[in-house]
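# Structural overview for review
The residues making up each chain are set out below.
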Amino acid sequence: MIIALIIVILFACIFAFLEEDMGKSKWPIYIGMGVLLIILTAIRPLGMDNDAENYEQYFMHYDDPLYETVVEFSYRWAARWLYMWFGDVHSIFLLYALIGISIKFAAFRQLTPLVFLAVVVYMGNYFILHEFTQIRAGVASSIMLLTIKPLGDGRRWKAFGLMLAAIFFHYSSLLMLPLLLLTNNEMNTKQRCLWALLVPAGYLACFMQVSIAYLPIPYIGDKMEMYQDLKDQGFFDEINVFNLVFLVNIAIYLYLLYMYDIIKEHSPYLSIMLKMMGLSVFCFVALSSLPVLAFRVSELYGIVEIVLFTNIYYTIRPAWLSKSVVMAIGVVLFCINVFYNEILQIM
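A short tour of the structure in this document, coming up. None of the values given here were measured: they were computed from a predicted structure. (Residues numbered from 1 in each chain as written. Predicted model: local features only at pLDDT ≥ 70, side-chain atom pairs only at ≥ 80, totals over all residues. Heavy atoms only, no water.)

## Points about the overall build of the protein
Helix and strand counts for the protein come out as 18 helices and 0 strands. Counting every position in the protein, which comprises 347 residues, the buried fraction comes to 55%. Taking as baseline every contact in the protein between residues at least 6 positions apart, the subset at least 24 positions apart corresponds to 75%. Surface summary for the protein: the accessible area is close to 15900 Å², and the carbon and sulfur share equals 67%. (Helix = DSSP H or I, 4+ residues; strand = E, 2+ residues; numbered from the N terminus. Buried < 20%, exposed > 50% of the residue type's maximum accessible area, 1.4 Å probe, protein only. Contact = heavy atoms within 4.5 Å. Areas by Shrake-Rupley, 256 points an atom, 1.4 Å probe, with all protein chains shown as cover.)

Now the structure itself:
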């Protein structure tokens, strides 16, 4: 399995170098790559990731009342029918991979002409996390990408409808709703500086130990309280808000803000995506006292990184060098995620 994934990301790199010269012929290859990733995700062996066995339990015991509060109705409903028809958890892996990966590939095509570069970054940064480990959140995050265009075009009702669909797949998608307040208006220098201040603001909130564990909001407040209790019992490790990967992420965010004027001509939804990435960075640090929440919120908003990182291409010349930089980011992140998820040890 890991060899197959390495081959796919290497071919994505090759096609990324060639895509400007491929014309319309690149689309069958692009679709084929998506289909291949769906198949690989669906047939992965149990134990390859941390959550597959839990999903098998949810699948086999879809009618267990204990799961009603922790597993979305959509998963339990799908499990009910797929269990009756196939009796194998891989059937639900296939369903979620088909929905999540297909929507992500459609969203990449909407948001960037550099679709193969986007695939490289996606495989490095989010593929293993969303398609192997957090499959419900993976579908929700793919819908999140689809909301960018209607949000940027001011079609908030359509964006709201997509957000409701995402909530159907994962309750954490409730956190998408505040994004309805964002606009895609062009950012002047002063505004970009203000959004850059989210970085020190996040660290200030972290150092002041700001806690939202007991918010009086149904479901969300209960979840926060549960996470806080688990943290107090030592179930979660502290987040290192100065880890190298995150610091590089901050550097890329600030770099893209600095290069805004160069990139905006090529990326019509740059403004709203930068705002989402800024919120992702802020939330990761500010909510670090609750590790699960910090990761969930930052990953939900941070899905835009897949598209944003490809915009580095427009800021460096010659073109082969800029593509190499983006590919290096994707490949390094892929290696880190493979190591972090212990996939090599499992295989």
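Now, onward.
## Considerations on the nonpolar core
Y75, I92, F108 and Y122 are the most contacted members of the largest nonpolar core, which has 124 residues in total. Looking at which element gives the most residues to this core, the answer is helix 6 (residues 115–133), with 14 residues. Beyond its immediate stretch of four places on either side in the chain, F108 contacts Y30, V115, A118, V119, Y122, L145, I306 and V307. (Core = buried A, V, L, I, M, F, W, Y, C linked by side-chain atoms within 4.5 Å.)

## Considerations on empty space enclosed by the protein
Applying the stated rule across the entire model yields 1 cavity of 30 Å³ or more. Here the largest cavity is characterised by a volume of approximately 60 Å³. Forming the boundary of the largest cavity are H130, Q134, A137, S141, S172, R296, E299 and L300. Mapped onto the lining of the largest cavity, the elements with two or more residues apiece are helix 7 (135–152) and helix 15 (291–302). It is helix 15 that contributes the most residues to the lining of the largest cavity, 3 residues altogether. Residue composition of the lining of the largest cavity, grouped by class: 2 nonpolar, 4 polar and 2 charged. (1 Å grid on protein atoms, 1.4 Å probe; cavity = no way out; pocket = protein on both sides within 12 Å on 5 of 7 lines; lining within 4 Å. Points joined across faces, edges and corners; volume = space filled by probe spheres on them. Nonpolar A, V, L, I, M, F, W, Y, C, P; charged D, E, K, R; others polar.)

## A look at a nonpolar patch on the surface
A contiguous nonpolar patch, built from I3, I7, F11, I14, F17, L18, W320 and L321 and spanning about 790 Å² of accessible area, is present on the exposed surface. Within the residue set of the nonpolar patch, elements represented by two or more residues are helix 1 (2–18) and helix 17 (319–340). Tallying contributions element by element places helix 1 first for the nonpolar patch, with 6 residues. Tracing the sequence through the fold places I3 in helix 1. (Patch = residues over 30% accessible without salt bridge, like charges linked within 9 Å, V, L, I, M, F, W, Y side chains within 5 Å. Salt bridge = Lys/Arg side-chain N within 4 Å of Asp/Glu carboxyl O.)

## Things to note about the pattern of salt bridges
All told, the structure shown has 9 salt bridges when counted by the stated rule. Linking K149 and D153 is a salt bridge whose minimum nitrogen-to-oxygen distance equals 3.4 Å. K149 gets classed as partly exposed once you look at its relative accessible area, which sits at 27%. Close ionic contact of E186 with K264 constitutes a salt bridge, the shortest N to O distance being 2.8 Å. Taken together, the residues span a long stretch of sequence, with E186 in the loop between helix 8 (156–169) and helix 9 (189–196) and K264 in the loop between helix 13 (260–263) and helix 14 (270–286) at a distance of 78 residues.

## Quick notes on the packing of helix 10 (residues 198–207) against helix 14
Two elements in contact, helix 10 and helix 14, have axes separated by 7 Å at closest approach and are oriented at 15°. Considering their axes alone, helix 10 and helix 14 lie roughly parallel with respect to each other. Along this stretch, helix 10 crosses helix 14, giving a crossing that reads as right-handed. Contacts between helix 10 and helix 14 involve L198, V199, A201, G202, Y203, A205 and C206 on the former and, on the latter, G278, L279, V281, F282, V285 and A286. Within the contact of helix 10 with helix 14, the residues separate by chemical class into 11 nonpolar, 2 polar and no charged. (Axes fitted to C-alpha atoms, helices over the stretch in contact; angles between N-to-C directions. Parallel < 35°, antiparallel > 145°, perpendicular 65-115°, else oblique. Left-handed = near helix turned anticlockwise from the far one by under 90°.)

## Examining the side chain of T315
Position of T315 relative to the elements: it lies in the loop between helix 16 (305–310) and helix 17. Judged by relative accessible area, which is 15%, T315 ranks as buried. Here the side chain of T315 touches Y255 through a polar contact of 2.7 Å, side chain to side chain. Setting aside residues up to four positions removed in sequence, T315 forms contacts with Y255, M259 and I263. (Polar contact = N/O pair within 3.5 Å; in protein donor to acceptor, adjacent residues only side chain to side chain.)

## Notes on helix 8
With 14 residues, helix 8 should reach 20 Å at 1.5 Å per residue; the first-to-last C-alpha distance of 20 Å fits that figure. Within helix 8 the residues assigned to the buried category are A159, L162, M163, A166, I167 and F169. Within helix 8, the buried residues cover an arc of 150° as seen down the axis, which keeps them to one side. Elements in contact with the buried residues of helix 8: helix 4 (73–85), helix 5 (90–111) and helix 7. (Expected span 1.5 Å × (residues − 1). Arc of directions from axis to C-beta.)

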